[in-house]
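Descriptive analysis of the structure
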Amino acid sequence: MGYELRVERESPLAYAELASVVSAQAGFELRGSHEAGEILARHGDAVHPVATWSGRLAGQPGSDWHVAQLALLSDLVGARLVGEDGEAYGIRNGIVEQIHGTSSYEFGKLEEIIAAGPAEWSA
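Every value quoted in this text rests on a predicted model; they were computed, and no experiment measured them.

What counts, and where the lines are drawn
- Residues numbered from 1 in each chain as written.
- Predicted model: local features only at pLDDT ≥ 70, side-chain atom pairs only at ≥ 80, totals over all residues.
- Heavy atoms only, no water.
- Core = buried A, V, L, I, M, F, W, Y, C linked by side-chain atoms within 4.5 Å.
- Buried < 20%, exposed > 50% of the residue type's maximum accessible area, 1.4 Å probe, protein only.
- Contact = heavy atoms within 4.5 Å.
- Phe/Tyr/Trp six-rings, centres within 6.5 Å; stacked < 30°, edge-to-face > 60°.
- Helix = DSSP H or I, 4+ residues; strand = E, 2+ residues; numbered from the N terminus.

With that settled, consider the nonpolar core. Of all hydrophobic cores here, the largest spans 27 residues; its most connected members are Leu18, Ile39 and Leu57. Look past the residues within four positions of Leu18 in its chain and what remains in contact with it is Leu13, Leu30, Ile39, Trp53, Leu57 and Val77.

This model, assessed by the stated rule, comprises three aromatic pairs. Between the aromatic rings of Tyr15 and Trp53, the centroid separation amounts to 6.0 Å while the plane-to-plane angle is 50 degrees, which identifies the pairing as tilted. Residue Tyr15 is located in helix α1 (residues 15-24), and its partner Trp53 is located in strand β4 (residues 46-53); the two are separated by 38 residues in the primary sequence. Overall, the relative accessible area of 4% leaves Trp53 in the buried class. Look at Tyr105 and Phe107: their rings are 4.9 Å apart centre to centre, the planes differ by 80 degrees, and that puts the pair in the edge-to-face class. Residue class for Tyr105 comes out partly exposed when judged on its relative accessible area of 44%. Pairwise contacts between aromatic rings join Tyr89, Tyr105 and Phe107 into one cluster.

Have a look at this one:
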């Protein structure tokens, strides 16, 4: 099992709200049901899994593209993206970043990361 990022917000995210947000956002798709589903994002002619739904929304990113998609999805549902170690991920001024305590790391510009696609991180 990989490192998990969770979409968290003060009020619970209902499946109907998630479905509404995803269907309104170009490039995202929702497959499954209110019990278990998957959020997919399109890149080129293919769709790639970004997050899973099972009463909560979470993802296991394998690339900067996945982190950017999760951060974008979190913004769309009015939530925070949080890692297992308490760090937060987000988009500020068009830059995808990670913040942990007083440290921050910039992944890069959202539009460039999304355009580059889901190239997997190397080990």
